Amino acid sequence: MKKEWKKIITGFLAIASMTLLGACGAGNSNEDSEDKTVRLGVVGENNEDWEYVQEELKEKEDINLEIVTFTDYRTPITALEDGSIDLHTSLTEIFMDEINEEGGFSNTTIAYTNLNPLGIFSDKIEDVEDLEDEAEVALPNDVSNESRALLLLQQADLIELDEDKGNMPTTNDITANPKNLQFEELDANQTIRSLDDVDIACVNNNVAVDAGYIPTEDAIFLEPVAESSKPYYNVIAAREDEQDNEIYQTVVDYYQTDEVKEVIDDMTQGSSIPVW
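In this text the structure is predicted, and so the values were computed from the model without any measurement.

Asker: Would you mind showing me how to read the sheet that holds strand E11 (residues 221-222) here?
Answerer: Consider a sheet: its strands pair through backbone hydrogen bonds, and that pairing is either parallel or antiparallel. Taken in spatial order, the five strands line up as E9-E6-E10-E5-E11 in an open sheet, and their pairing is mixed. In this open sheet, the two edge strands, each paired with only one partner strand, are strand E9 (182-186) and E11. Across the sheet, helix H5 (residues 143-155) is in contact with strand E5 (119-121), strand E6 (136-140), E9, strand E10 (200-203) and E11; its angle to E6 comes to roughly 140°.

Asker: How should the confidence of the model for the chain be read in this particular structure?
Answerer: As a note on interpretation, predicted positions should not be read in detail where pLDDT is low. With 88% of its residues at a pLDDT of 70 or more, the chain has an overall mean of 88. Taken as a whole, residues 1-10 scores under 50 in pLDDT and shows zero contacts with residues more than four places along the chain or in a different chain. Confidence drops under a pLDDT of 50 for residues 12-33, and excluding neighbours within four residues, the segment shows zero contacts in the predicted structure.

Asker: When you look at H5 in this model, what are you seeing that I'm missing?
Answerer: For the α-helix, the turn length of 3.6 residues means that residues three or four positions removed from each other point alike. With 13 residues, H5 ought to run about 18 Å at 1.5 Å a step, and its terminal C-alpha atoms sit 18 Å apart, in line with that. Every buried residue belonging to H5 is among Ser144, Asn145, Glu146, Ser147, Arg148, Ala149, Leu150, Leu151, Leu152 and Leu153, and all of these are buried. Directly after H5, the chain includes Asp157, whose backbone phi takes a positive value near 65°.

Asker: Got a minute to help me understand a negative patch on the surface in this structure?
Answerer: Side chains of Glu126, Asp127, Glu129, Asp130, Glu132, Asp133, Glu134, Asp157 and Glu160 sit close together on the surface and give a patch of like negative charge. Checked against the element boundaries, Asp127 lands in the loop between E5 and E6. A residue is classified by how much of its surface remains accessible, and Asp127, at 34% relative accessible area, is partly exposed.

Asker: It is not clear to me how the environment of Asp199 should be interpreted in this structure. Could you clarify?
Answerer: Following the sequence through the fold, Asp199 ends up in the loop between E9 and E10. For Asp199, a relative accessible area of 25% corresponds to the partly exposed category. The sequence separation of Asp199 and Asp123 amounts to 76 residues, and the corresponding C-alpha distance is 7.3 Å. Setting aside its immediate chain neighbours within four residues, Asp199 contacts Phe121, Ser122, Lys124, Leu131, Ala135 and Glu136. A polar contact of 2.7 Å, which involves the side chain of Asp199, links it to the backbone nitrogen of Glu136.

Asker: Quick question: what am I supposed to make of the pairing of strand E4 (residues 107-115) here?
Answerer: Across a regular strand the side chains alternate sides, sitting on one face of the sheet and then on the other. Counting buried residues along E4, seven of its nine residues qualify, which places the element largely inside the surrounding structure. In terms of strand pairing, E4 meets strand E12 (residues 233-239) through six bridges, oriented antiparallel. Bridge assignment links Thr109 to a residue of E12, and that residue is Ala237. Summarising the sheet, E4 and strand E13 (residues 273-274) pair through two bridges and their orientation is antiparallel. Residue Asn114 lies in a different strand from E13, and its bridge partner there is Pro274.

Quick notes on the rules
- Residues numbered from 1 in each chain as written.
- Predicted model: local features only at pLDDT ≥ 70, side-chain atom pairs only at ≥ 80, totals over all residues.
- Heavy atoms only, no water.
- Pairing = 2+ DSSP bridges.
- Helix = DSSP H or I, 4+ residues; strand = E, 2+ residues; numbered from the N terminus.
- Contact = heavy atoms within 4.5 Å.
- Axes fitted to C-alpha atoms, helices over the stretch in contact; angles between N-to-C directions.
- pLDDT = per-residue confidence, 0-100.
- Expected span 1.5 Å × (residues − 1).
- Buried < 20%, exposed > 50% of the residue type's maximum accessible area, 1.4 Å probe, protein only.
- Patch = residues over 30% accessible without salt bridge, like charges linked within 9 Å, V, L, I, M, F, W, Y side chains within 5 Å.
- Areas by Shrake-Rupley, 256 points an atom, 1.4 Å probe, with all protein chains shown as cover.
- Salt bridge = Lys/Arg side-chain N within 4 Å of Asp/Glu carboxyl O.
- Lys, Arg positive; Asp, Glu negative; His and termini not counted.
- Charge placed at Lys NZ, Arg CZ, Asp CG, Glu CD.
- Polar contact = N/O pair within 3.5 Å; in protein donor to acceptor, adjacent residues only side chain to side chain.

Below is the structure:
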């Protein structure tokens, strides 16, 4: 009888051991198959630089970069905040900081990408000096882009602004408007479409490129690049508590390369300037 019981116990222990090993094996399998999907918010349809990075990450790191396209600049910020996306790009730091402060958000810069100079475009004149009195001017209607557009008009010697307002002037801060320019505020992605209706439009670089323009060739005045340009650097942003995420840092590493610089140059005809 003792021998019988011994056989039963030995058999039971063997089965238990096999079950335990199987469970351990299943646990390792789950770790190996960890989902490494990163949802990246972009603005606009021309994203060859990120499509290149997407392919590289998949091939070399098994990271799935999912590109989520938005049509305005504010929504990526709220989408990052509510977890709909993991990262966003295409936004200037000054704009992101403004919306963060306004909404109590925590979008945080983890890297810089490009400087996309703002331009003045027109279908009616070829030089800003040809602008007539009481001409109509289209401006982006969000705070930071409108301020940037006004500073651009000042750089073109069309208006003067209150110096005390720094990088954030509004139309109320215009101290001199010798041509009595008339301003029309539009969503940023509508400014280029307004050229039939206005005399000039201040247009974001990527909006112009998406519409088929080459800013370095087609703008009648282009924002100069200087130290004062830094607030307008585009960023890659994450939630504050995830800024050190290793996978996100890998995405940055794969973007900030000479190969991506070449893609950007081809994509924008030299109109977008890498700043890393």
